[in-house]
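A look at the structure
Given next are the chains, with one letter for each unit.
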Amino acid sequence: MNIIETNHLTKAYGSFTAVSDLNLHIRKGAVYGFLGPNGAGKSTTMKMFLGLTKPTDGAFHIDKKRFPQNRTAILKKIGSFIESPAFYGNLTGQENLDIIRKILGLPKESTADALELTGLAPVKDRLARKYSLGMKQRLGLAGALIGRPPILILDEPTNGLDPVGIHEIRSLIRSLPEKYDCTVLVSSHLLSEIELMADDIGILNHGHLLFEGSLHDLKSQAHDAGFPVDNLEETFLAMVEEDNRRRSK
Amino acid sequence: MVPKIEYKKLKRTGYVPAFLLAALLAGAFPVVNMAVRKESFLSLGGEPLSVLLNANWQMMAMLNILLIVCGACMMYHTEYTDNGMQKMELLPVRQTSLFLGKFLIASIMTAVMLSIEFSVLAGCAVYWFSDSRLNPMILICHLSFSFIMLLPTIILMLLIAQAFRNMWISLGIGVILVFTFSILPQEQLFFALCPFSAPYQLLDNVHADGHVGLFLEIAALETLLFALTEFICLKIRRNFS
Ligand SMILES: Nc1ncnc2c1ncn2[C@@H]1O[C@H](COP(=O)(O)OP(=O)(O)O)[C@@H](O)[C@H]1O
Ligand SMILES: [Mg+2]
């Protein structure tokens with residue numbers, strides 16, 4: 001069953017089309033890796049899912065609900081993290097999460113749970129503006145995970161983390177559907193990263209969906225199309241280059 | 001609940017201390033004035049509170065307005081610096097209720113500031129005009145009138161502050177408005193009724209002109225109008241981003 005589905009979803013900024021005719025199928029309980037080079041339209045798509053920006057054309061539903069009618073109901077179900085971490089620098093990590101917790105109407109323990117999940121517990125009383133980039137990223141993630149929402153939308157959550165942090169966050173995301181019943185939509189511009197986390201993959205380039213399916217499907221499809229398959233990063237790059245070449249004609 | 005959240009966001013920003021400090025600073029005007037030129041004021045006759053207000057309110061009101069400008073900028077500065085506002089947009093809470101929460105907090109702090117100032121004025125009346133039979137009801141009327149005259153300024157300034165990510169732009173606009181309206185002819189009813197200008201008015205003088213009802217109605221109308229403008233702005237922003 002698909003918990004998020006888009007139907008010819010399109011977003012244009014003036015004459016520039018950032019997301020074009022997108023048909024995504026995100027299965028309930030899966031980790032869906034949303035892959036694409038910078039500027040492909042990943043954040044724009046996610047922003048539409050969160051009601052931050054309105055589609056120009058097409059539609060989507062999340063758990064059978066739509067914007068703007070069911071805005072509150074949708075946002076109650078989604079924990080999200082878009083682009084750069086967003087927080088209040090004058091508040092501590094814990095105070096930041098407490099604000100989110102209160103708005104969501106969650107019990108007190110949720111804050112400690114989110115701090116624990118993201119490894120922020122030892123620095124919970126430090127001002128968020130004094131956090132390192134990695135800690136800020138974790139705080140953003142904690143703000144998404146708080147209350148363990150059934151849907152997580154995470155936009156490049158490992159950006160700015162050191163290799164150890166990247167590994168930890170990846171393992172965390174990978175483990176989420178086992179820890180509790182949830183669906184994760186996570187974006188990245190690295191296939192190597194998506195490969196380690198995702199059950200399903202969607203590849204986006206210039207707003208167009210080049211591929212959607214499992215890692216296995218990707219390999220066989222790439223093989224049939226004559227792309228290199230020994231190294232998946234190369235497969236991805238070759239697909240994007242091929243698409244760019246076709247597009248520039 | 002939302003006002004409590006908005007209040008929590010202001011922790012460590014110096015928002016509350018700023019209002020308290022401004023109240024003490026404004027309160028210092030009548031005290032210093034009386035300490036230095038006691039005789040000239042005592043010889044004026046009339047209600048002590050009116051004498052004190054006539055002598056000091058222009059400066060005190062300007063300080064109050066400047067603080068409202070700074071307060072609004074501080075509120076949105078905390079929202080914009082580390083993008084906290086964006087997180088709010090991703091949560092199941094209405095942007096309009098967050099805005100109204102801010103308005104409520106700013107209004108409460110303004111009321112606190114005015115209460116301190118009027119307490120100092122009352123203290124001056126009792127201390128220097130020793131025969132004073134100061135009527136607390138009159139004091140409360142003056143305070144309430146001044147408070148209501150400030151409401152349109154508070155909400156307009158919040159509207160300005162939320163429009164610009166860069167606090168210095170909002171602050172600049174606010175300060176320019178403060179000084180523009182302070183030099184416009186206050187005797188003209190039209191200008192006197194404007195935000196940034198109405199707070200200089202004194203209940204005594206407005207009452208003498210028989211305009212109390214008009215001033216209250218216009219203040220209420222302006223406040224509603226600016227609130228409505230904000231709601232429309234938020235709607236437009238959502239639909240066109
Ligand atoms: N508000 C906007 N106005 C105009 N163009 C935008 C806006 N937001 C994004 N874009 C453009 O849309 C394209 C896709 O951006 P984005 O979704 O952020 O890509 P990604 O997240 O995949 O890197 C980019 O070319 C970007 O410049
Ligand atoms: Mg992006």
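Scoring rules and cut-offs
- Counting restarts for each chain: residues are numbered from 1 in the order of the written sequence.
- Chain letters start at A and ligand numbers start at 1, both assigned in the order the entries are written.
- Where local features are concerned, this predicted model is filtered to residues with pLDDT of at least 70; where side-chain atom pairs are given and counted, the filter is 80 or more; whole-chain, interface and lining totals use all residues.
- As a rule here, side-chain values cover all heavy atoms of the structure and leave hydrogens and water aside.
- Runs of H or I in DSSP of at least four residues are treated as helices and runs of E of at least two as strands, each being numbered from the N terminus.
- In this setup the radius of gyration rests on C-alpha atoms only. A globule is expected at 2.2 Å times the number of residues raised to 0.38.
- It only takes one pair of heavy atoms within 4.5 Å for two residues to be counted as in contact.
- All accessibility values rest on the Shrake-Rupley procedure with a 1.4 Å probe; residue burial counts only the protein chains present in the view.
- Under this rule, positive means Lys or Arg and negative means Asp or Glu; His and the chain ends count for nothing.
- For the purpose of locating charges, the reference atoms are NZ of Lys, CZ of Arg, CG of Asp and CD of Glu.
- The rule for pairing is simple: two strands pair if DSSP sees at least two bridges between them.
- Buried surface area refers to the total accessible area, computed with a probe of radius 1.4 Å, that the two partners give up upon joining, counted for both partners together.
- Salt bridges are defined as contacts in which a side-chain nitrogen from Lys or Arg sits within 4 Å of a carboxyl oxygen from Asp or Glu.
- Whenever a nitrogen or oxygen atom comes within 3.5 Å of another N or O atom, the pair is scored as a polar contact, on the condition that within protein one atom can donate a hydrogen and the other can accept it, and that pairs from neighbouring residues in sequence are kept only if both atoms are in side chains.
- Throughout the structure description, domain borders are defined by an automatic or database domain assignment.
- With axes taken as lines fitted to C-alpha atoms, and helix axes fitted only over the stretch in contact, angles between N-to-C directions fall between 0 and 180 degrees.
- Angles below 35 degrees are treated as roughly parallel, those above 145 as roughly antiparallel, those between 65 and 115 as roughly perpendicular, and all remaining angles as oblique.
- Crossings are assigned a handedness: left-handed for a near helix turned anticlockwise from the far helix by less than a right angle, right-handed for a clockwise turn.
- Whether a residue is buried, partly exposed or exposed follows from its accessible area with a 1.4 Å probe, protein chains only, as a fraction of its type maximum: under 20%, in between, or over 50%, in that order.
- Note on definitions. A residue lies near a molecule or strand when any single heavy atom of the residue is within 4 Å of it.
- A patch consists of residues whose relative accessible area exceeds 30% and which take part in no salt bridge; residues with like charges are grouped when within 9 Å of each other, and nonpolar side chains (Val, Leu, Ile, Met, Phe, Trp, Tyr) when within 5 Å.
- Between 30 and 60 degrees the pair is tilted, below 30 it is stacked and above 60 it is edge-to-face, where a pair is any two Phe, Tyr or Trp rings, Trp via its six-membered ring, whose centres lie within 6.5 Å.

Considering the overall build of chain A
When its secondary structure is counted, chain A shows nine helices and 10 strands. Relative to its length of 249 residues, chain A is compact, with a C-alpha radius of gyration of 18 Å against a globular reference of 18 Å. Its C-alpha atoms put chain A at 55 × 40 × 35 Å along the principal axes. In chain A, the proportion of contacts linking residues at least 24 apart, taken out of those at least 6 apart, comes to 66%. Within the structure as shown, chain A displays about 10,600 Å² of accessible surface, and the carbon and sulfur contribution to it stands at 51%. Mean positive and mean negative side-chain charge positions of chain A (30 and 30 charges, respectively) differ by 8 Å.

Observations concerning the pairing of strand β2 (residues 16-22) of chain A
Residue and element names in this part refer to chain A. The pairing of strand β1 (residues 2-13) with β2 spans four bridges and is classified as antiparallel. Across the sheet, the residue bridging to Leu 9 is Leu 22, located in β2. The antiparallel hairpin formed by β1 and β2 contains two residues in its connecting segment, where Gly 14 sits at a positive phi of about 60°.

Some remarks on the interface of chain B and chain A
Listed as interface residues are 25 residues of chain B and, on the opposing side, 31 residues of chain A. Interface area for chain B against chain A, summed over the two sides, is near 2,700 Å², with a carbon-plus-sulfur share of 55%. Linking chain B with chain A are two salt bridges. Between B:Lys11 and A:Glu95 there is a salt bridge, with the nearest N and O atoms lying 2.6 Å from each other. At the surface where chain B touches chain A, the tally comes to 14 residue pairs in polar contact (both at pLDDT 80 or more).

Section: the domain arrangement of chain A
Residue and element names in this part refer to chain A. Considered domain by domain, chain A is made up of domain 1 (29-55 + 70-77 + 150-248) and domain 2 (86-149). The centre of domain 1, based on its C-alpha atoms, is set 25 Å off from the matching centre of domain 2. If you look at the interface, domain 1 gives 19 residues, while domain 2 gives 11 residues. When the two sides are added together, the surface that domain 1 and domain 2 hide from each other amounts to roughly 1,300 Å², 70% of it contributed by carbon and sulfur. Counting every contact that joins domain 1 to domain 2 gives one salt bridge. One salt bridge in this structure joins Arg 138 and Glu 168, with 3.2 Å as the shortest N-O distance. Here domain 1 is connected to domain 2 by six residue pairs in polar contact (both at pLDDT 80 or more). Mapped onto the side of domain 1 that touches domain 2, the elements with two or more residues apiece are β7 (151-155) and α6 (163-179). When residues of the side of domain 1 that touches domain 2 are assigned to their parent elements, the largest contribution, six residues, is made by α6.

A look at the packing of helix α3 (residues 48-81) of chain B against helix α6 (residues 136-163) of chain B
Residue and element names in this part refer to chain B. Interaxial distance between α3 and α6 falls to 9 Å at its minimum, and their mutual angle equals 30°. Considering the angle they form, α3 stands roughly parallel to α6. The way α3 lies across α6 gives a crossing that is right-handed. Contacts from Leu 49, Leu 53, Trp 57, Asn 64, Ile 65, Ile 68, Val 69, Ala 72, Cys 73, Met 75, Tyr 76 and Tyr 80 in α3 reach Ile 138, Leu 139, His 142, Ser 146, Leu 150, Thr 153, Ile 154, Met 157, Leu 158, Ala 161 and Gln 162 in α6.

Things to note about unusual backbone geometry
Residues and elements named next belong to chain A. The omega torsion across Phe 67 and Pro 68 is -5°, close enough to zero to call that bond cis. Inspection of the secondary structure assignment puts Pro 68 in the loop between β5 (57-62) and α2 (71-77). Not every positive phi belongs to a glycine, and His 8 is a case in point at roughly 50°. Within the fold, His 8 resides in strand β1. Overall, the relative accessible area of 40% leaves His 8 in the partly exposed class. A positive phi angle, close to 45°, is found at Arg 148, a residue other than glycine. By the element assignment, Arg 148 lies in the loop between α5 (133-145) and β7. Looking at Arg 148, the relative accessible area reads 30%, which means it is partly exposed.

Observations regarding the site of ligand 1
Residues and elements named next belong to chain A. In the vicinity of ligand 1, the contacting residues are Tyr 13, Phe 16, Ala 18, Pro 37, Asn 38, Gly 39, Ala 40, Gly 41, Lys 42, Ser 43, Thr 44 and Glu 83. Within the backbone of Lys 42, a nitrogen or oxygen atom sits 2.8 Å from an oxygen atom of ligand 1. One of the side-chain N or O atoms of Ser 43 is found 2.6 Å from an oxygen atom in ligand 1. Relative to its free-state accessible area of 560 Å², ligand 1 is covered by the protein chains to the extent of 62%. Put simply, the parts of the chain that give the shell around ligand 1 at least two residues each are β2 and α1 (42-49).

What to know about the sheet that holds β7(A)
Residue and element names in this part refer to chain A. What the six strands build is an open sheet, ordered β6-β7-β8-β4-β9-β10; its pairing is mixed. The open sheet has two free edges, formed respectively by β6 (78-81) and β10 (208-214), since each of these has just one partner strand. Adjacent strand axes in the sheet meet at a mean angle of 15°, parallel and antiparallel pairs treated alike. Sheet topology note: the strand β4 (residues 31-35)/strand β9 (residues 200-205) ladder contains four bridges and is parallel. Residue pairing for β9: Tyr 32 is matched across the bridge by Asp 200. Most of the contacts of α1 go to strand β8 (residues 183-188), to which it runs at about 150°, and overall it touches β4, β6, β7, β8 and β9. Together, β4, β9 and β10 form the strand contacts of helix α9 (residues 232-248), whose direction differs from that of β9 by roughly 35°.

A look at a nonpolar patch on the surface
Residue and element names in this part refer to chain B. Residues Leu 20, Leu 104, Ile 108 and Val 112 make up a contiguous nonpolar surface patch of about 290 Å² in total accessible area. In terms of residue count, the dominant contributor to the nonpolar patch is helix α5 (residues 95-128) (three residues). The exposure class assigned to Ile 108 is partly exposed, which follows from its relative accessible area of 44%.

Observations concerning the packing of aromatic side chains
Tallying each qualifying case throughout the model produces nine aromatic pairs over all chains. Between A:Phe60 and A:Phe67, the ring centres sit 6.1 Å apart and the planes meet at 55°, which makes this aromatic pair tilted. Ring centres 6.2 Å apart and planes at 20° place the aromatic pair B:Phe181 and B:Phe196 in the stacked group. With B:Phe181 in helix α7 (residues 167-183) and B:Phe196 in the loop between α8 (189-192) and α9 (203-208), this pair connects stretches of sequence that are 15 residues apart. Each member of the pair B:Phe181 and B:Phe196 is classed as buried. Ring pairs connect the aromatic residues A:Phe49, A:Phe60 and A:Phe67, which therefore count as one cluster.

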